[in-house]
Amino acid sequence: MAHVKALRCRECSREYPIEPLNVCDFCFGPLEVVYDYETIASVISRERIQAGPLSMWRYHDLLPVDREAAVDINAGFTPLVRAKNLARCLGLEELYIKNDSVNPSFSFKDRVVSVAATKALEFGFDTLSCASTGNLACSVAAHAARAGMKAYVFIPADLEKGKVIGAAIYNPTLVAVQGSYDEVNRLCSELADNYRWAFVNINMRPYYAEGSKSLAFEVAEQLGWRAPAHAVVPGASGSLFTKIWKGLNEFSKLGLIGPVRTSMHITQARGCSPIVEAYDADRMVVRPVRPNTIAKSLAIGNPADGYYALRTIKESRGSACVVEEDEVVEGIKLLAETEGIFTETAGGVVIMGLKRLVEQGRIKPDEPTVAFITGNGLKTQEAVESVVKPLRIQPTISSFEEALGQRARVS
Ligand SMILES: *Cc1c(COP(=O)(O)O)cnc(C)c1O
Ligand SMILES: [Zn+2]
């Protein structure tokens with residue numbers, strides 16, 4: 001792994017060897033992977049990337065693992081859709097949906113887990129684990145199955161059925177905890193000290209988080225090797241948001257794209273919006289909240305990367321945007337009805353956040369914008385059950401026409 005140098009503390013810059021570590025012993029700051037960009041620059045090129053597999057592993061030069069042994073269920077290389085109908089509806093000229101809801105376990109988490117699982121095998125772990133708001137559980141269970149590893153996934157007991165079944169089907173040990181995600185996470189941090197397991201978002205977090213960069217790489221490549229003017233991204237821990245920014249800047253540093261002038265916008269739902277609250281109050285310190293939101297995949301009250309998300313907003317001249325709880329379903333429907341894409345509640349937050357950013361004039365009509373849709377609507381069906389209003393008929397033409405006539409009179 002000539003392209004990876006070390007882990008480095010984001011606060012005090014102390015360096016650590018490439019091991020299953022996530023916090024600095026001296027200052028408790030988070031550790032981050034440091035690359036040797038000179039080595040990478042000497043091999044990487046657009047042609048080399050384009051000759052790679054049609055998955056996130058085409059960017060392996062910028063991921064902290066050996067590619068040959070990747071635990072790969074084919075995450076990534078998801079569609080970037082030119083969203084003309086939604087654009088017209090919102091008053092934009094150049095809008096794209098990065099549809100990451102079509103990953104193998106139906107969320108962007110497959111990108112981070114593919115890297116974490118690969119690294120876990122490199123380190124010699126035989127067990128993959130996580131604290132999850134739902135999608136991570138599905139992805140960890142799927143990758144563990146693929147890798148022949150044992151899996152222990154911890155979830156809050158009140159998750160949507162689609163996520164519980166979407167994880168359980170791969171036969172992990174599924175642990176439903178009576179508590180919030182933040183309590184699940186605290187429990188798992190304690191367990192990580194006692195069990196030699198690879199917790200993808202705890203002791204494997206520095207490697208795991210790097211997987212999110214592949215979303216930025218793909219968008220830049222799919223836009224014809226350029227960065228958008230705006231990125232609208234959902235926020236839970238804030239990790240994805242910061243890594244999209246890191247990914248765009250790495251591509252630029254390596255000369256694969258020009259200068260990055262992207263404004264990064266993070267969106268959260270009202271019932272769990274600690275990052276937006278800090279942004280609105282002009283604070284760099286995120287105050288933890290107790291989540292109560294329909295967007296359960298974003299229900300992290302104490303976001304590990306909240307501070308860095310706020311820094312990303314500053315560096316990129318972006319913003320943070322809150323969406324009301326009762327708007328989330330409207331966002332899901334709007335995307336479905338205009339573009340034929342069925343997203344989960346987190347995607348509803350993104351679409352309504354995008355709408356608000358346009359209304360506020362933060363996104364101008366002619367500025368190329370990408371909205372990141374990170375999870376699939378079939379996993380949060382209970383949020384939108386009210387859309388089901390079929391015409392109930394007998395199997396005859398007259399019954400059909402009568403029902404049609406009735407509906408026309410009603411609407
Ligand atoms: C986990 C998740 C996110 C946010 O991830 P963070 O990196 O923790 O901010 C966004 N969307 C969906 C669907 C998720 O599952
Ligand atoms: Zn430190």
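Report follows, based on the coordinates. Sequence order as written defines residue numbering, which begins from 1 separately in each chain. Each chain gets a letter, beginning with A, and each ligand a number, beginning with 1, in the order they are written. Where totals are concerned, whole chains, interfaces and linings use all residues; where local detail is concerned, this predicted model gives features only for residues with pLDDT of at least 70, and gives and counts side-chain atom pairs only at 80 or more. Just so you know, side-chain values use all the structure's heavy atoms and leave hydrogens and water out.

## Some words on the packing of aromatic side chains
The rule is short: rings of Phe, Tyr and Trp, with Trp giving its six-membered ring, pair when the centres are within 6.5 Å, and they are stacked under 30 degrees, edge-to-face over 60, tilted in between. What the rule picks out here adds up to 11 aromatic pairs. Counting every residue linked through ring pairs, the aromatic cluster contains Tyr152, Phe154, Tyr195, Trp197 and Phe199. When the NZ atom of lysine or the CZ atom of arginine is within 6 Å of a ring's centre and also within 35 degrees of its normal, the charge is said to sit over that ring. The residue whose ring lies beneath Arg14 is Phe26, and the NZ or CZ to ring-centre distance is 3.6 Å. In this structure, Lys119 is placed above the aromatic ring of Phe123, and the distance from its NZ or CZ to the ring centre is 5.4 Å.

## Quick word on the nonpolar core
Buried residues of nine kinds, namely Ala, Val, Leu, Ile, Met, Phe, Trp, Tyr and Cys, make up a nonpolar core once their side-chain atoms join them within 4.5 Å. Only protein chains enter the area calculation, which uses a 1.4 Å probe; residues under 20% of their type maximum are buried, those over 50% are exposed, and those in between are partly exposed. Leu128, Ile244 and Phe251 are the most contacted members of the largest nonpolar core, which totals 82 residues. Contact definition: two residues touch when any of their heavy atoms are within 4.5 Å. The contacts of Phe251, once residues within four sequence positions are left out, are Ile49, Tyr59, Leu62, Phe217, Ala220, Trp225, Leu256 and Ile257. Core analysis: the second largest hydrophobic core is formed by 21 residues, Leu191, Leu298, Val328 and Met352 among them.

## Here's the deal with the sheet that holds strand E12 (residues 319–323)
Here, a strand pair is defined by DSSP locating no fewer than two bridges between the strands. We count a stretch as a helix when DSSP gives it H or I for four or more residues in a row; a strand needs E for two or more, and each element gets its number in order from the N terminus. If you trace the six strands from one edge of the open sheet to the other, you get E4-E5-E13-E10-E11-E12, paired in mixed fashion. Since the sheet does not close on itself, it has two edges, and those belong to strand E4 (80–82) and E12, each with one partner. Recorded for the sheet is a direction-independent mean angle of 25 degrees between the axes of neighbouring strands. The pairing of E4 with strand E5 (residues 95–99) spans three bridges and is antiparallel. When the sheet's bridge partners are listed, Leu80 is paired in E5 with Lys98. Throughout, an axis means a line fitted to C-alpha atoms (over the contacting stretch in the case of helices), and angles, computed between N-to-C directions, take values from 0 to 180 degrees. Sheet strands in contact with helix H10 (residues 239–253) are strand E10 (230–234), strand E11 (263–269) and strand E13 (369–373), and its direction is about 170 degrees off that of E11. Sheet strands in contact with helix H14 (residues 345–359) are E5, E10, E11, E12 and E13, and its direction is about 115 degrees off that of E12.

## With respect to unusual backbone geometry
Backbone geometry at Ser13 places phi at a positive 65 degrees, although glycine is not the residue there. For Ser13, a relative accessible area of 44% translates into the label partly exposed. Residues other than glycine seldom take positive phi values, yet Asp282 does so here, at roughly 60 degrees. Summarising the element assignment, Asp282 is placed in the loop between helix H11 (274–280) and helix H12 (306–316).

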